[in-house]
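Read off the chains here:
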Amino acid sequence: MTSHDDHHPDGEQHDEEQHEGEQHGELPQGQSREPGQDQGEEVRWEGLSTLSVWASTVVVALFMVPAAIVGTVVLFVVDVSNLWALLPLPATLAFIALMTYLDLLRLRATRYRVTPERMEMRSGIIAKAYRSIPRERVRSVDVAAPIYVRIFGLCSVTVGTGESAGAGGTDQLQLLYVTAGQGERLRRELLRRAAPATGSPDGGEGTGEEEAEDDGTELVRLNPRWFAYAPATTATFGVGLGVIAALVGLNAQTGGHGWQWISEQAGLPSAQEMSSFVMGRLLVVLPVTLLGLLLSGVVVLVATAVETWWDYRLLREQDGTVRLRRGLLTSVSLSVEGRRLNGVVLHEPFVLRSVGGASIRAVATGLSAGDAQKTEAKSRLSPAMPVRRARELGAALMREPDSALDVPLARHPKAALRRRFTRAALGSVAVLALAGVLAWAQQLATESWWNVLQETEAEFMPVPLISPSAEAAPGWGWIAVALLGVVVAFWYAVGSYRGLAHGLHPRYLVVRKGMAVRDTVTLERSSVIGWRVTRSPFQRRLGLADVSATTASGEGLYTAQDVGLGQGLAWADEAVPELLAPFLVRDQGSSEPERPSALP
Amino acid sequence: MNTDAPRLRPPNHRVDRRAVWWWTTRSLAVTVVLTVVPVVPALIWEPVRPWFLIAAGILGGVGLLITVAMPQWRFRVHRWEITDTAVYTSSGWLWQEWRVAPMSRIQTVDTARGPLQRVFGLSSVTVTTASAAGPIEISGLDHTLATEVADQLTDSTEAIPGDAT
């Protein structure tokens with residue numbers, strides 16, 4: 001297939017009107033103009049699977065019919081002579097039938113086909129829509145099968161084009177739902193330009209899966225031991241706390257009666273007794289609570305990781321396409337065209353980093369999915385795994401003998417550290433001031449204040465603990481906590497300064513940043529489509545700048561933060577020769593010969 | 001630091017002088033609105049009147065200060081240049097930004113004029129690339145010049161094949 005560096009599909013002359021190939025719009029009814037039909041052979045239009053409609057009908061019926069029967073029975077029990085009681089069942093059935101009919105109409109109206117040049121989709125009953133994507137613009141194909149769809153042998157197919165989505169934000173074409181065989185065939189064909197669709201619309205059913213297993217080299221497959229990294233996040237306590245907060249919230253919604261009822265049934269001692277019991281044995285209760293929180297968090301996170309990453313495999317197919325498969329309940333298969341994978345991110349959140357784990361994400365065109373969060377979820381190419389393994393995977397994805405993740409990185413100037421110290425100092429002052437105010441308030445607080453606080457807390461907490469512990473806390477406790485905060489702030493400042501770095505590989509540029517989440521990004525130098533340099537007043541005073549490469553891939557902007565201005569510009573100039581050079585001057589007077597401006 | 005560390009030279013062309021008046025008017029309008037907002041409750045509600053008047057005073061004062069300083073500052077920073085190979089702009093005042101985009105990666109070129117720009121005979125040229133970093137905008141150009149620039153950019157980008165990603 002095409003070479004890796006080739007970014008311009010041969011034989012394709014695009015004029016400035018980039019969106020010319022893609023048409024959205026409404027066609028007058030009855031008139032079925034079909035652009036892209038220029039080939040002599042007619043490719044058949046295919047429909048979505050009607051099975052999904054019947055499936056949702058069955059599910060809805062399972063819920064609504066019993067409800068209707070119960071309604072009828074109840075009405076009869078209330079009043080035997082009431083003939084209205086016969087109504088719910090037929091009404092429900094009519095409703096379900098109508099919904100199914102409308103759904104079928106919608107489904108019938110949606111048709112798609114893949115011609116050698118383009119993928120086309122028609123949809124809509126009243127407002128007809130026609131959408132067409134040139135196949136050479138297809139960047140990724142995402143086949144997902146959530147469990148409730150998979151049991152019917154169906155899947156959804158999302159085709160990403162990598163257009164920077166304008167108004168409406170639809171750079172995607174989605175088919176809900178097609179049969180697994182159709183999905184697999186679409187996945188294979190859409191990214192294969194050399195060998196276009198052979199057009200056997202209903203072939204390939206069931207055969208696709210097995211064949212796909214061995215056409216390609218496996219980059220990595222799941223090692224169940226990696227699930228041990230799943231709970232290594234700051235969320236572990238948070239998840240447990242979330243469960244407790246949800247329970248407390250529920251109790252507050254019942255006006256506290258929920259807990260009252262439970263404690264009466266179980267014969268628990270009163271809230272005051274329990275509260276004082278706990279306060280008396282804080283040294284035992286506190287660690288046990290923390291352990292409980294930790295355990296519940298671990299269970300939830302491991303379960304999530306197993307659901308997401310079960311059966312995880314990453315393949316490189318013969319045509320260079322990178323294919324990701326994963327998922328227990330929702331099985332996901334994502335294919336990214338090889339030359340659209342412009343780099344990788346070594347993603348190391350703090351807790352994971354401290355236990356030697358990392359994960360790999362893609363920097364690719366055509367993976368955007370509406371909002372940043374979905375895009376981020378879609379670009380994940382690996383679960384948390386040992387950092388050494390993640391680096392190997394990154395290197396394999398970049399297809400370079402010496403990985404861009406291993407190039408020596410340059411540190412940023414000490415002034416960047418000074419900026420972070422300034423921020424830490426400001427934060428510290430705020431925290432100390434807050435602590436001072438709280439300690440002062442505690443001094444002032446009278447018995448009646450505490451009573452009010454406790455009553456408020458008792459409103460929604462079954463066992464009030466917060467206000468008693470606040471009352472019992474010594475005045476210097478606030479200051480101690482604040483001092484701890486100050487230490488953490490400065491430690492964080494040093495850590496985030498150490499995280500800052502940038503470097504160059506023969507084919508990639510590398511930037512690293514972050515303390516809470518450290519991301520090392522490699523970006524193909526040929527995919528840089530511009531530079532952005534920003535400087536705040538503070539950065540100008542310290543001789544720093546944020547130098548960002550703009551690209552069509554991934555987040556679209558990758559920044560070397562707080563880099564020395566000269567250092568950053570030299571790096572950018574070297575990374576993409578000739579782009580920045582005409583606009584740079586060297587201080588030693590040997591300024592570049594200025595190019596003549598094209599405009600007067 | 002290295003003595004031969006590179007610096008960015010300012011782009012060749014300034015924006016139109018009338019842009020100063022455009023920025024002044026815009027800033028003044030925002031200042032007036034923000035000052036009037038706390039004055040309304042001050043007129044209606046007696047007890048809090050001094051507080052709201054103080055807020056209005058601060059907002060108005062800061063707004064006027066910005067209105068006086070910002071346009072001149074912006075005029076010194078805002079510059080643009082188009083070479084055969086790239087578009088180069090600088091903008092901002094306190095926070096400043098320099099942008100470079102190669103001609104070969106430009107997707108669309110638009111001109112736009114808001115109602116206020118039209119009053120001063122100005123236009124903006126917006127140059128879009130495939131990046132999510134947002135378009136490059138040259139604002140405050142003379143209307144005829146903006147049209148020329150856009151036409152020239154369109155011609156140059158048309159000459160270059162590829163899908164600009």
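Rules behind the numbers
- Residues numbered from 1 in each chain as written.
- Chains lettered and ligands numbered in written order.
- Predicted model: local features only at pLDDT ≥ 70, side-chain atom pairs only at ≥ 80, totals over all residues.
- Heavy atoms only, no water.
- Helix = DSSP H or I, 4+ residues; strand = E, 2+ residues; numbered from the N terminus.
- Rg over C-alpha atoms; globule rule 2.2 N^0.38 Å.
- Pairing = 2+ DSSP bridges.
- Contact = heavy atoms within 4.5 Å.
- Axes fitted to C-alpha atoms, helices over the stretch in contact; angles between N-to-C directions.
- UniProt positions renumbered as here; feature names shortened; annotations may be inferred.
- Buried < 20%, exposed > 50% of the residue type's maximum accessible area, 1.4 Å probe, protein only.

1. Section: the overall build of chain B
The helix and strand inventory of chain B stands at 4 helices and 8 strands. Mapped in sequence order, the helices and strands of chain B form the string β-β-α-α-β-β-β-β-α-β-β-α. Here the C-alpha radius of gyration of chain B, 20 Å, is well above what a compact globule of 165 residues would show, namely 15 Å. In terms of principal-axis extent, the alpha carbons of chain B reach across some 70 × 45 × 30 Å.

2. Quick look at the sheet that holds strand S4 (residues 86-92) of chain B
Here we have 7 strands laid out as an open sheet, ordered S21(A)-S20(A)-S19(A)-S5(B)-S4(B)-S3(B)-S2(B), and antiparallel in their pairing. Across the chains shown, the open sheet's two edge strands, defined by having one partner strand only, are strand S21 (557-564) of chain A together with strand S2 (13-14) of chain B. Direction of pairing for strand S3 (residues 79-82) of chain B relative to S4(B): antiparallel, over a ladder of 4 bridges. By the bridge assignment for S4(B), Trp80(B) is matched with Thr89(B). Each of strand S20 (544-551) and S21 of chain A touches helix H13 (residues 414-444) of chain A; the most contacted strand, S21(A), lies at about 95 degrees to it. The strands touched by helix H4 (residues 143-158) of chain B are S3 and S4 of chain B; relative to S3(B), the strand with the most contacts, the crossing angle is about 35 degrees.

3. Topic: the UniProt feature "domain: YdbS-like PH" (unreviewed entry) in chain B
Mapped onto the present numbering, the UniProt feature "domain: YdbS-like PH" (unreviewed entry) falls at residues 76-153 of chain B. Along residues 76-153 of chain B one finds 23% helix and 51% strand; the C-alpha atoms at either end are 25 Å apart.

4. Topic: the UniProt feature "transmembrane region" (unreviewed entry) in chain A
All names here are of chain A. Per the UniProt record, the feature "transmembrane region" (unreviewed entry) sits at residues 53-77, 83-104, 226-250, 282-306, 421-441 and 475-494. For residues 53-77, the end-to-end C-alpha separation is 36 Å, with 100% helix and 0% strand making up the annotated structure. Regarding residues 83-104, the helix share stands at 77% and the strand share at 0%, and the terminal C-alpha atoms are separated by 33 Å.

5. A short note on the sheet that holds strand S7 (residues 172-179) of chain A
Residue and element names in this part refer to chain A. Taken in spatial order, the 7 strands line up as S7-S6-S5-S11-S10-S9-S8 in an open sheet, and their pairing is antiparallel. Among the strands making up the open sheet, the edge pair consists of S7 and strand S8 (217-221). Geometrically, the sheet is characterised by an average inter-axis angle of 15 degrees between neighbouring strands, direction not taken into account. Bridge analysis of strand S5 (residues 140-145) against strand S6 (residues 154-160) gives 5 bridges, and the strand direction is antiparallel. The residue of S6 that forms the bridge with Ser-140 is Gly-160.

6. A word on the pairing of S21(A)
Residue and element names in this part refer to chain A. The element S21 is largely enclosed, with a buried count of 7 among its 8 residues. Pairing between S20 and S21: 6 bridges, direction antiparallel. Within S21, the position partnered with Ser-548 by the bridge is Thr-559. From the end of S20 to the start of S21, which pair antiparallel, there are 5 residues, and Gly-554 there has a positive phi angle of about 50 degrees.

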